[in-house]
Structure formats: C-alpha cells, structure tokens
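If you want the building blocks of each chain, they are given just below.
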Amino acid sequence: MSKLQQAFSAGAFALTAEMAPPKGYDFKEALETAALLKDCVHGVNVTDMQSACLKASSLGLCIALKQAGIEPILQMTGRDRSRMAIQAEFLSAAAFGIDTVLALTGDHPTVGDCKSSKPVFDLDSVGILKLLGNMEKNGTDCGGNALSSTPKFCKGAAVTPVYDPLFLQINKLKKKVDAGAEFVQTQGIFTVEALETFMNEVLRNNIKVKVMAGVIPLKAAGMARYMNENIPGIEVPQAMIDRLAAAAEEGKEKGVKGLPMAAGIDMAAELIAEIKSRDLCDGVHIMAIGAERNVPVILQKAGL
Amino acid sequence: MIVSKAKPFEKVLAMLQGVQKVGLVGCKSCASACAVGGEKECGEMKEALEAAGFEVVGIVLPDESCHKMLLRRELKPLVAAGAEALVSLACGSGCQTVAENVKIPVYPANDTLFVGQTERVGIFHEMCRTCGDCVLGETGGICPMTKCAKSLVNGPCGGQRNGKCEVDPNNDCAWILIYKRLEALGQLHKMEETLEDHSSRNYPLTVNVREAKK
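Residues numbered from 1 in each chain as written. Chains lettered and ligands numbered in written order. Predicted model: local features only at pLDDT ≥ 70, side-chain atom pairs only at ≥ 80, totals over all residues.

*Asks:* Explain the overall build of chain A here, please?
*Replies:* Secondary structure summary: chain A contains 11 helices and 8 strands in total. Its C-alpha atoms give chain A a radius of gyration of 19 Å, near enough to 19 Å, the size a compact globule of 304 residues would have. Taken over the C-alpha atoms alone, chain A extends approximately 65 × 45 × 40 Å along its principal axes. Residues classed as buried in chain A amount to 48% of the 304 residues present. Contacts in chain A between residues at least 24 apart in sequence constitute 77% of all its contacts with a sequence separation of at least 6. (Helix = DSSP H or I, 4+ residues; strand = E, 2+ residues; numbered from the N terminus. Rg over C-alpha atoms; globule rule 2.2 N^0.38 Å. Buried ≥ 20, exposed ≤ 12 C-beta atoms within 10 Å, placed from the backbone. Contact = placed C-beta atoms within 7 Å.)

Following this line, the structure appears as structure tokens:
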C-alpha cells in the first residue's frame, strides 16, 4: 500500500506536493528539492509535460525519486501517447515500484512550447482509468491479451472546482470515480468558499472519493493577475492580489527582497490550516510551480 | 461537402516547372460550391497560367471530379490535345481520381480542408471527421469528435473558459454546446454515457454498397 493510501485509510490529512522534471537530463536539482519534501508529504507528484511544454518524462523522474527513497506519484496524460504507449509506461513504472498514478487528459500541444507536435488523445482521463481498471481486473493489455504479470495502482485524477457549469465537472468526476479513481486533486483553489461549494456538490451527489484541495502558493501580484487572466479554473480574489502588491510596496520602501513570496507562503499556510480545521476535504496538494523548496515552511506554518 | 481552399499560385507554378502544355480539371460539385474549382475559377487559372507563359490546352468540368468512371471519358480530350500535365482544381479525392485516369503528372491547385457546412456564401465550418460510427444521437446533434479540439468522449476538459476552447478561443467548447442542447432537449442523462472512441480506426476504408445489396 502506498504512503498516500496509508494516509487515506488512517484518516490522516493527506499531503502531496507537485514538481516538474527539468527541461534537460540533469536531475540533480530536482532530486535535491524532492529530498526536502520527503518527510513532510505522502507523495511527490511528478508532472507529465505540464502546460504541454517539453520536459524530461514523468516516469524518468519518478524512477529517480523512487530510487532515492522518495514516494513518487506518476502523472500520465493522453496527449502524447496511444493506449499502447500508456499501458507500456504503467508496466515499466510498476517494475520500478511506482504504485500511485494520476490520470489526466492533458493540455493540447497548441498551448505549449512544441506546437507542431501531433496531439494523440487516444484516451482521455476517464479512458486511462478504465484501461488501468481493465488491466487490474482481467490481467490483460489494451488488446485483451494476457499479461505475464499485472500491477495494481492507487489511482487518482484531477478536477476543477471553479467551473461553470459545475454540473459538467461533477458529471465527469462521477465517471472518473466509477472508472476507479480513489483520489482527486483539484485545480488550485484560493478561498475555502470555492472548495466548500465544490465539496457540497461532491457530497450531494454521493461521490465516494478522497479529495485533495489544490493549493498554489502565490509569488507576486503579477503572477496572480496572469493566472486569473490565462488559466481556466483559477480565481485569485482581489484581496490576495492586494496583499501581494502591498508586500511588494513594503519591500521597495524598506529595500528588502522576497516580501511578496513570504506573503504568498503565509496565505497558502492560512488556507491549508483553515481547510484542515474545518475538515473540508481529505488533504491538500501543493503546486508550488518552481518554488517547491517553500513547501516545508508552508506546511510548518499551517501547523502540519 | 468537402471544403478546399486555393493554394498560393506560386506553389502551382513551382509544381509545373518544365511543363509547357497544361490541361485544367475543375469540379461542378463541392469545389464549385466553395469557389475553388468551378467554371469561374478554372477560367481565372487559365488566364493566370497563360500570363505566366503556359499554353492551356483545355478545361474540363466534370459533375464530380471524384467519379472514376465519369472522369475516364471526360479527361480524354485533354490528353488528346497534348497536355504534358494536368492541374486539378478539385479536392484531394478529385485530384487523385484524375491522376488514376491518366499517365501524365497531375498537380493540385487546392488544399483540401474538411467535411463542412456552408454557413453562408464563402463561410464554411468543419462539421464531421468521418469517424465511422456517428454519435450525434447521443450528443444533441453536435459532434464532439470534430467540434472538440481533443475529440473528448467523456465531457469537457478543464480548459474551457466562458464556453470557449483553450486551443482556439474563437471556437465554442463543444461539450458546453452539447450540455446546453441536451438540457434543452430534456436528455441530460445522456451526458452520463461514455461514447465509443474511434481514434484507432484503420484507413483507407472501402465501402461496397453493391455487395451489400446482393
């Protein structure tokens, strides 16, 4: 049983952090960062060319993490792989002891940095989960042929809580859970109200799944504004942007650097602490977007 | 219909390098309707080629440029007139059908784009990716294979914003359209189903209606 599953079954507040492989083949820095996360999270979630920007593969860094004694969560999108390639990746992952995966549809290549790459999308997130479910149930590949050995994974998916109409996210979430998702991590949320609205729908629809609220520590007012304008499902409240801007102003006056980043850390910690104290969901997933080194201090400030 | 657009004329000229006598083959069907292979466009191509120093030995305008039997007869005068190459002003299917009927080179004047709808004269929208197993009955008459940039079969991705697609914000999110339509039709329960995914379909396909009738 993976560390994350153990946390879920023990009813602990589950913690995961996300990191990206480098745009290159030197994993040294990524491994150093992951080592800082090792003892404060239940899993390190490795992105699969997030935002359709080319990086080393998720599987590669997951293997390196596993070998370094850090619990990886393998992200798998359908953007660049046929169902055969996806299943082959999962088998290889299992061979290295990777036991927790996250199935995603994936961003379209046109929003990334290799725009002429052919989009595959043979399977979407639900399709990937079904592929895994069929493999585990029948011991077969995607063509129905017997496997010589069949792995079993703890399976996750993603969900966007701030979505209009929310019905469509809930409807797809049901399909993901029916297809075997045991946990979901959400797109970044910035207020407990946004999470609460979503959780009420999950409960009302009687969807049995562990929910990990996505938390994105903000670094600057500009970053928050950019995300509001460009990333679907992200709604940073004006009060947070103002607080970051005020921190930048204060830093300028005092000649001190890093105050907006510190304010972002505080706000993320406050949000996590409130989610936990109000028992709104089963854990949090921190997406620090390059600032993973801040994760331990965020968790510490949140009292975790 | 099959929607095509004209290639830049320089590309046609580049393909015709070394050729003197050219025959033109248009199409009275789709290529006429999208104004790339009708009588007018064939006439314009003739003028342009002549201005560029070519001799245009003739123009033929079959009812359907993609009809092999029909073309066998229609192309004879061009070959007889000494054409060294033919230029097809039809779609890719038409161009290939012309080529199957002659022993001289055939060059496309058009780029073939999609199976589409004419919204009004000169405005066309892609409507069908010919997946081979129509799901429109499940999706309120809106095709997710075509209208969703990822051809998703289980509902929208997280990338839609205000009903628009993240791949091209000029496009509506297909699944938001499907949702609204199914809701209006009282068929929202259809959203719970997973559609068949035909992305692994093998091609080229052949259909033989004669065999089926026997």
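Text resumes after the structure shown.
*Asks:* Would you mind going over the overall build of chain B with me for this structure?
*Replies:* In terms of regular secondary structure, chain B is built from 9 helices and 7 strands. For 214 residues, the compact-globule formula gives about 17 Å, and the C-alpha radius of gyration of chain B, at 21 Å, lies well above that figure. For the C-alpha atoms alone, the extent of chain B along its principal axes is close to 65 × 45 × 30 Å. Taking all 214 residues of chain B together, the buried fraction comes to 34%. Pairs at least 24 apart in sequence give 59% of the contacts found in chain B among residues at least 6 apart.

*Asks:* Just to check I follow, could you spell out the sheet that holds strand E6 (residues 110–120) of chain B for this structure?
*Replies:* Sheet strands pair by backbone hydrogen bonding; their relative direction is either parallel or antiparallel. Residues and elements named next belong to chain B. With antiparallel pairing, 3 strands are arranged side by side in an open sheet as E1-E6-E7. The sheet is open, and its two borders are formed by strand E1 (2–6) and strand E7 (123–128), each paired with just one other strand. Strand-to-strand twist across the sheet, computed as the mean angle between neighbouring axes with direction ignored, equals 70°. (Pairing = 2+ DSSP bridges. Axes fitted to C-alpha atoms, helices over the stretch in contact; angles between N-to-C directions.)

*Asks:* Teacher, can you tell me more about the packing of helix H4 (residues 83–95) of chain A against helix H5 (residues 125–138) of chain A here?
*Replies:* When two helices pack together, you describe them by how their axes are tilted relative to each other and by the distance separating the axes. All names here are of chain A. Packing of H4 against H5 brings their axes to within 11 Å, and their N-to-C directions diverge by 60°. Taken together, the axes of H4 and H5 lie oblique to each other. In this structure, H4 meets H5 at a crossing whose hand is right-handed. Here H4 contributes Arg83, Ile86, Gln87 and Phe90 to the contact with H5, which in turn contributes Ile128, Leu131, Leu132 and Met135. When the residues that make up the contact of H4 with H5 are grouped by side-chain class, the tally is 6 nonpolar, 1 polar and 1 charged. (Parallel < 35°, antiparallel > 145°, perpendicular 65-115°, else oblique. Left-handed = near helix turned anticlockwise from the far one by under 90°. Nonpolar A, V, L, I, M, F, W, Y, C, P; charged D, E, K, R; others polar.)

*Asks:* Would you explain the interface of chain A and chain B in this entry?
*Replies:* Bring the parts together and some accessible area is lost; that lost area is often taken as the interface size. The interface of chain A with chain B comprises 20 residues on the first partner and 23 residues on the second. Counting residues per element, the side of chain A that touches chain B draws most heavily on helix H6 (residues 166–178) of chain A, at 4 residues. Class assignment of the residues belonging to the side of chain A that touches chain B gives a composition of 7 nonpolar, 8 polar and 5 charged.

*Asks:* Help me understand unusual backbone geometry, please; the structure alone is not making it clear to me.
*Replies:* Excluding glycine, most residues fall at negative phi; most peptide bonds, likewise, are trans. In the segment running from aspartate 164 of chain A into proline 165 of chain A, the intervening peptide bond is cis, with an omega of 0°. Of note, alanine 35 of chain B is a non-glycine position whose phi angle comes to about 60°, a positive value. Structurally, the position occupied by alanine 35 of chain B is in the loop between helix H2 (30–33) and helix H3 (39–51).

*Asks:* How should the pairing of strand E7 (residues 210–215) of chain A be read in this particular structure?
*Replies:* Two faces make up the sheet, and in a regular strand the side chains alternate between them. Residue and element names in this part refer to chain A. Most of E7 sits inside the fold, with 6 of its 6 residues counted as buried. Sheet topology places strand E6 (residues 183–188) next to E7; 4 bridges connect them, and they run parallel. Following the sheet pairing, valine 184 is matched in E7 by valine 211. Taken together, E6, helix H7 (residues 192–204) and E7 constitute a β-α-β crossover, and its handedness is right-handed. (Right-handed = clockwise from strand over helix to strand, strands pointing away.)

*Asks:* How should I be thinking about the domain arrangement of chain B in this particular structure?
*Replies:* According to the domain assignment, chain B consists of domain 1 (2–113) and domain 2 (131–192). Each of domain 1 of chain B and domain 2 of chain B has a C-alpha centre, and the two are 38 Å apart. (Domains from an automatic or database assignment.)

*Asks:* Teacher, can you tell me more about the sheet that holds strand E4 (residues 85–88) of chain B here?
*Replies:* All names here are of chain B. With respect to topology, 4 strands assemble into an open sheet ordered E3-E2-E4-E5, the strand pairing being parallel. In this open sheet, the two strands that pair with only one neighbour each are strand E3 (55–60) and strand E5 (106–108). With strand direction ignored, the average angle separating the axes of adjacent strands in the sheet is 25°. The pairing of strand E2 (residues 21–25) with E3 spans 5 bridges and is parallel. Within the sheet, the bridge partner assigned to valine 25 lies in E3 and is valine 60. The sheet strands contacting helix H6 (residues 92–101) are E2, E4 and E5, and the helix crosses E5 at an angle near 170°.

*Asks:* How do you make sense of the packing of helix H9 (residues 238–254) of chain A against helix H10 (residues 259–277) of chain A when you look at a structure like this?
*Replies:* Residues and elements named next belong to chain A. Relative orientation of the contacting elements H9 and H10 amounts to 145°, with a least axis distance of 7 Å. Crossing of H9 against H10: the hand is right-handed. Within the contact between the two elements, H9 uses Met240, Arg243, Leu244, Ala247, Ala248, Glu250 and Gly251 and H10 uses Leu259, Pro260, Ala262, Ala263, Gly264 and Met267.

*Asks:* I tried to follow the confidence of the model for chain B on my own but got confused; where do I start?
*Replies:* Do not read the fine detail of predicted coordinates wherever pLDDT is low. For chain B, mean pLDDT is 94; residues scoring 70 or higher make up 97% of the total. On the interface metric, ipTM, the complex scores 0.92, and its pTM is 0.93. (pLDDT = per-residue confidence, 0-100.)

*Asks:* Sorry, what's going on with H3 of chain B here?
*Replies:* A turn of α-helix holds 3.6 residues, and therefore any two residues three or four places apart point the same way. All names here are of chain B. An ideal rise of 1.5 Å per residue puts 18 Å on 13 residues; H3 measures up with 18 Å between its terminal C-alpha atoms. Within the sequence span of H3, burial applies to Glu41, Cys42, Met45 and Leu49. Buried residues of H3, viewed axially, fall in a sector of 100°; they line one side. Facing away from the buried side of H3 by more than 90 degrees, the exposed set consists of Glu39, Lys40, Glu47, Glu50 and Ala51. Buried positions along H3 lie against E2, E3 and E4. (Expected span 1.5 Å × (residues − 1). Arc of directions from axis to C-beta.)

*Asks:* Teacher, can you tell me more about the environment of glycine 11 of chain A here?
*Replies:* Residue and element names in this part refer to chain A. One can find glycine 11 in the loop between helix H1 (3–9) and strand E1 (14–19). Since 8 C-beta atoms lie within 10 Å of it, glycine 11 is described here as exposed. Taking C-alpha positions, glycine 11 is 24 Å from valine 46, a pair spaced 35 residues apart along the chain.

*Asks:* Honestly, the pairing of E4 of chain B in this entry has me stumped. Any pointers?
*Replies:* Residue and element names in this part refer to chain B. Two elements, E2 and E4, share 4 bridges in a ladder whose sense is parallel. Note on E4: the bridge partner recorded for glycine 23 is leucine 86. The sheet contact formed by E4 and E5 spans 3 bridges and is parallel. Residue pairing across strands places leucine 86 opposite valine 106, the latter belonging to E5.

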